[in-house]
Amino acid sequence: MFFAQYYLDCLSQASYMIADETTGRAVVVDPRRDVSEYLADAEAHGFTVVGVINTHFHADFVAGHLEMAAETGAWIGYGSRAETEYPIRKLSEGETISLGGVALTIMETPGHTPESISVLVYEHGEDTVPYGVLTGDALFIGDVGRPDLLASVGVTAEELGAMLHDSVQNKLMGLPDEVRVFPAHGAGSACGRNLSAEKQSTIGEQRATNYACAPMPQADFVALVTAGQAAAPGYFVYDAILNRRERPLYDPAAAPRPLSVGDFVGLRASGAVVVDARDPQEFAAGHLRGSVNVPADGRFAEQAGTVLPADTDLLVIAPENREEEIVTRLARIGFDRVAGHLRSPDDALAALPEEVTPAGRLTAAQVRAALTGDSAPVVIDVRNCGERGELGFIDGALHIALGELPRRLDEIPRDRPLVLHCASGHRSSIAASLLRHHGFTDVSDILGGYAAWALPHTPTAA
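Residues numbered from 1 in each chain as written. Predicted model: local features only at pLDDT ≥ 70, side-chain atom pairs only at ≥ 80, totals over all residues. Heavy atoms only, no water.

(A) Looking closely at the sheet that holds strand E17 (residues 314–317). With parallel pairing, the five strands of this open sheet are ordered in space as E13-E18-E17-E14-E16. The two strands at the open ends of the sheet, each matched to only one other strand, are strand E13 (258–259) and strand E16 (292–293). The pairing of E13 with strand E18 (residues 338–342) spans two bridges and is classified as parallel. What sits directly across from leucine 259, in E18, is leucine 342. Across the sheet, helix H7 (residues 261–269) is in contact with E13, strand E14 (273–276), E17 and E18; its angle to E17 comes to roughly 135°. The sheet strands contacting helix H10 (residues 323–331) are E17 and E18, and the helix crosses E18 at an angle near 155°. (Pairing = 2+ DSSP bridges. Helix = DSSP H or I, 4+ residues; strand = E, 2+ residues; numbered from the N terminus. Contact = heavy atoms within 4.5 Å. Axes fitted to C-alpha atoms, helices over the stretch in contact; angles between N-to-C directions.)

Printed below as a string of structure tokens:
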């Protein structure tokens with residue numbers, strides 16, 4: 001058996017290829033949209049990809065099932081409850097897919113979404129204990145898939161939670177301890193709450209350490225897995241719907257279009273949104289007025305999908321020689337409307353001095369002083385609830401998590417100075433730039449975030 005895990009750090013997303021080395025038949029599970037790595041591996045090993053399985057309708061990225069099928073002629077498989085605009089093979093409980101000696105058996109594990117499945121992997125068809133189980137978003141290492149995402153229209157979190165209870169506690173925990181667990185996501189993903197950074201585990205380890213795998217009544221389980229979930233990024237519903245649809249294929253050969261300063265300015269004036277992927281400090285030193293700062297070095301795709309609209313043309317300002325990377329990472333979440341990029345941002349900024357503005361960044365000491373002044377700013381905490389509960393918070397701060405910010409702008413006063421903070425200063429730069437983009441004028445963020453604020457300090461003598 002050939003078994004490979006492909007892990008994408010930016011989205012904390014795992015995909016898999018399983019093949020029988022004797023027959024050369026292979027299946028890819030939960031592929032991302034840029035499929036060249038799977039195709040290269042298949043070619044290098046002499047495999048024929050005969051099937052592509054999505055464990056569910058993913059909400060955090062656009063899956064590469066259509067691209068894989070177009071390149072290989074493979075069938076596309078989903079759980080039996082899935083409905084799509086393109087032809088699919090509906091996979092039912094207990095169905096076995098033979099690759100030769102290697103076999104895959106379907107286990108329906110709804111709860112994260114109604115159509116969710118897990119895939120049991122048998123190294124030899126006659127084995128009584130599976131080599132492993134690909135759990136999709138039903139079971140993570142240290143957590144389970146959240147049942148409250150809006151990907152499942154017409155099904156409540158409580159209904160999904162009840163399904164998830166059965167899937168996890170009865171079906172998955174019914175497997176032998178030695179079965180390896182291979183989830184679709186790891187630490188950092190918004191598809192769960194307490195995901196581990198480990199890439200694989202075993203049923204036995206999860207039975208002993210995963211809070212959601214401890215035996216408990218259904219009502220207790222549902223209450224536990226629905227409590228304290230962070231706001232889902234705004235693009236999740238968009239991607240969940242897109243994954244059901246017949247959509248344009250991703251074309252890796254379509255390089256991002258370099259724009260002249262004049263063309264860039266013209267598109268910007270026509271309503272295109274500028275996404276500046278430079279470091280927050282570089283952005284703060286000078287950026288095009290109204291640009292939204294989403295740093296490339298971080299969870300770029302997820303954070304871009306959180307604050308940028310999916311239905312608007314985008315203009316990219318990227319760190320040096322990273323334009324193609326930024327466009328690819330946007331494409332992974334279905335943000336294909338990139339009108340172009342600036343080849344040399346520094347030269348462009350120099351050519352537009354009247355359009356360049358700095359961003360206010362304050363030290364924790366400066367904020368403390370401002371809060372005691374006559375025109376005290378409104379402090380806005382853009383961290384998630386769990387961070388506030390675990391680490392503490394600034395008294396009197398307005399709490400609006402970054403994932404909720406685009407839809408809660410009306411709650412923010414426009415007649416007072418604003419100071420935003422996150423944990424370290426990364427997300428607060430994104431949030432502050434979004435507010436400026438929407439016309440808020442006196443906006444700063446705290447250098448070093450709450451970590452800097454929480455450091456011991458000595459009050460200045462009067």
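(B) Region of interest: the pattern of salt bridges. Going through the model one piece at a time under the given rule, you end up with 24 salt bridges. One salt bridge in this structure joins arginine 278 and glutamate 282, with 3.9 Å as the shortest N-O distance. By relative accessible area, arginine 278 is classed as buried at 4%. The salt bridge partner of arginine 427 is glutamate 387, with a shortest N-O separation of 2.7 Å. In this pair, arginine 427 is assigned in helix H14 (residues 426–437) and glutamate 387 in helix H13 (residues 385–391), connecting sequence segments 40 residues apart. Overall, the relative accessible area of 18% leaves arginine 427 in the buried class. Among the residues examined, glutamate 387 registers a relative accessible area of 18% and is labelled buried. Among the ionic contacts, a cluster of salt bridges with common partners joins Arg32, Asp34, Glu37 and Arg332. (Salt bridge = Lys/Arg side-chain N within 4 Å of Asp/Glu carboxyl O. Buried < 20%, exposed > 50% of the residue type's maximum accessible area, 1.4 Å probe, protein only.)

(C) How the structure looks around the packing of helix H3 (residues 157–171) against helix H5 (residues 218–226). Where H3 contacts H5, the axes come no closer than 9 Å and their chain directions differ by 110°. Considered as vectors, H3 and H5 are oriented roughly perpendicular to each other. In this structure, H3 crosses over H5, and the sense of that crossing is right-handed. Contacts from Ala157, Glu158, Gly161, Ala162, Leu164, His165 and Gln169 of H3 reach H5 at Gln218, Phe221, Val222 and Thr226. For the contact of H3 with H5, a count of residues per class yields five nonpolar, five polar and one charged. (Parallel < 35°, antiparallel > 145°, perpendicular 65-115°, else oblique. Left-handed = near helix turned anticlockwise from the far one by under 90°. Nonpolar A, V, L, I, M, F, W, Y, C, P; charged D, E, K, R; others polar.)

(D) Expanded view of the environment of threonine 209. The topology assignment puts threonine 209 in helix H4 (residues 203–209). On the basis of relative accessibility, which here comes to 62%, the residue threonine 209 falls in the exposed class. Considering only alpha carbons, one finds threonine 209 and aspartate 143, 66 residues apart in sequence, at a separation of 9.5 Å.

(E) Representation of helix H2 (residues 65–72) in the model. Turning to H2, its buried residues number three or more, namely His65, Leu66, Glu67, Met68 and Ala69. Elements in contact with the buried residues of H2: strand E3 (25–29), helix H1 (36–45), strand E4 (48–53) and strand E5 (75–79). One or two steps after H2, the chain reaches glycine 73, where phi turns positive at roughly 80°.

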